[in-house]
Every structure is written in C-alpha cells, then in structure tokens.
Amino acid sequence: MSPHVNPTVGRRRLGSEFRALRKSRGLTAQQVAKQLLVSQAKISLLENGRRRVNSRDVRDLCEVYGVQDPQVVDALMRMAEESGQVGWWKEYGDIPHSVYIDLETDAVAIRCYQSMVIPELLQTPAYARAVIAGTIPHATAEQIDTWVHVRLRRQWRVDELDRPLRLWVVLDESALRRVVGGSEVMREQLERLLDLGGRPHITEQVIPHQLGAHPGMAGQFSIIEFADDSDRSVVYLEGLTSDLYLEKPLDVQRYAVIHESLQARALDPVASGQLITDVIKSYIGAEFGDSAHQDVPPPP
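All values reported here derive from a predicted model rather than from experimental measurement.

### What to know about the pairing of strand β3 (residues 202-207)
Of all 6 residues in β3, 6 are buried; the element is thus mostly enclosed. Of the two faces of β3, both are covered, the one formed by Ile202, Glu204 and Val206 as well as the one formed by Thr203, Gln205 and Ile207. Judged from the 6 bridges that link them, strand β2 (residues 166-172) and β3 form a sheet pairing that is parallel. Paired with Trp168 across the bridge in β3 is Thr203.

Structural data, given as structure tokens:
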C-alpha cells in the first residue's frame, strides 16, 4: 500500500462531515447519542476520527440528521468504506508508537522539541539504527531492521513536494553532542540535519547549553496539526512503555505557548546552522572509535 494512503484521513473527514451536519441541525452530541441509544463518547470519537464509522453508523446518523439525498448518502458510505482500510504501517506487525504514525501521516504541520536525539523524520539510516538499538536493548536484529525501515519510510512526508509537512524543530544542544553510533555516524547525521534545515518547509533552532534552564527541560513533546480542524491539534508525549495524547484545547494551548517560548530563547535558524556546522567540525578526525555504545561527547 502506498504510504500516502491513511485511513485516519478518511475517518477525520467523515467525522467532520457528521459534526457539521449535527451542528446544522442544532443538536448536541448528547442529544444524538440519546436518539441512537449509544454513549455520547461514541459520537465524540466518531466525529474526531478516532473510531471507525461503519455503514450502519452512516445509515443511523443520516436518519437522525434528515439526510435523504441518495447521492449524499452514497458519498458518506464510500467515505466510511475507505476509512476502514488498513494503514501501510500495519503490514509490519506490532511496531512502537503506531498511533503516532497514524496521526503523523495525516498531519500538515508538526512543532516539536527534542532534548536528547535528532527527530525521527530527520534521522539517517545509521543514526536511526543506533538509536533504536541503544534505547530498546531487548529488540532482536529482525525487529531493529523492521523499525528502521518503518522510520525511513515515514520520511516521505519530509521529501514530498505536493504536500510537504511543515516541520518546526527546536533542539537542545545535547542532541547534537551526544555521540550516537560513533563520530562518523554523528557527522553524517548532522550534515543531513544541516541540509534539511535549508528547505523552506523545515525550520530548525538549537538551544545552546549556555542558555541554562528553559521550559523544554520538562521533557520532549510534539504538537501535531491537521488541515481539516485547526482546533483539533494533538500533543504527543512519548513514554517508555506507553504514550500520551492530549487533545483538550487548554492542554494544546499550554504546549503551544511552551514551544513559542523555546523558539524565542533558541538561536535563530541561521545561528543554529552555524552551531551545527561547528559541531560537525568537532567530529571530523575525532578519535572516538566505532563503538555504538560510546556516549562521550567530543570536546567543544
């Protein structure tokens, strides 16, 4: 299946259609749920694209909203059928953070902060392999190969010309200086980071060590934004055994303010590029060996 096919897109669009129909009839989600003898949570999940809409749901909702035009009903039925497709990542079996990949594929913009590693969408194959092997020590060689392949396949969002992902990355300097995979891997990774930072849809900023304490020290996060609902952004917090997704507007707004604060404190993109260049120079000729487990930073 093409990486451009995402069932979440269909679910979110269909949910938006039904939310618009409900509001045009002056109904609340609670009132609709009462008429259909279902929970209000189900209506909310359907409208947010977080639950698959089957043909029976389409029929029942069209009846409640008084939709009688056969062409409209057929179009909604087709959308429901398309939303039932399986995302491309499912063919790889049980992979970490699959829910996030689902959202990422549908996103038009992501604002993120990373303190220790280069963001996955910007990683080189060697760096990605070293990160996965180092952070998931129980992973088998086969699993590492699979997860690296999935991570690289996700990067079509960065390279696509028709619908490029708007990416705004704020990095702590630690992410540049932590030696993951050896000095050669780091040099290659930072050169790619520098190259990608020159693209018009990617903004990279670095917070230097000398800045001291800043709001990002509380942990890494991503704010995922979608084209169909600007008020339906999602904050993603990656965990060791489980992930957290925040969708309440107040939570999203708080993280948006934090990201804006980090942008203001970080070096601007030009100065950030210069810092990345300086760190690249420190890796050239560095005598660190090839051990993927060596985490001693190069001299400043």
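### Let's talk about the sheet that holds β2
Taken together, the 6 strands give an open sheet; going across it, the order is β3-β2-β1-β4-β5-β6, and neighbouring strands pair in mixed fashion. With partners counted over all chains shown, the strands left at the sheet margins are β3 and β6 (244-246), one partner each. Each neighbouring strand pair of the sheet contributes to a mean axis angle of 15°, computed without reference to strand direction.

### Quick look at the confidence of the model for the protein chain
Where the model shows low pLDDT, its predicted coordinates should not be examined in detail. The pLDDT averaged across the protein chain works out to 85; a share of 87% of its residues lies at or above 70. Within the protein chain, β3 carries the highest mean pLDDT (98), whereas helix α1 (residues 7-24) carries the lowest (79). Contacts for the low-pLDDT stretch residues 1-5, under 50 throughout, to residues beyond four places or in other chains number 16 contacts. This model gives residues 287-300 a pLDDT under 50, and the stretch forms 26 contacts once residues within four places in sequence are excluded.

Rules behind the numbers
- Residues numbered from 1 in each chain as written.
- Predicted model: local features only at pLDDT ≥ 70, side-chain atom pairs only at ≥ 80, totals over all residues.
- Heavy atoms only, no water.
- Buried < 20%, exposed > 50% of the residue type's maximum accessible area, 1.4 Å probe, protein only.
- Helix = DSSP H or I, 4+ residues; strand = E, 2+ residues; numbered from the N terminus.
- Pairing = 2+ DSSP bridges.
- Axes fitted to C-alpha atoms, helices over the stretch in contact; angles between N-to-C directions.
- pLDDT = per-residue confidence, 0-100.
- Contact = heavy atoms within 4.5 Å.

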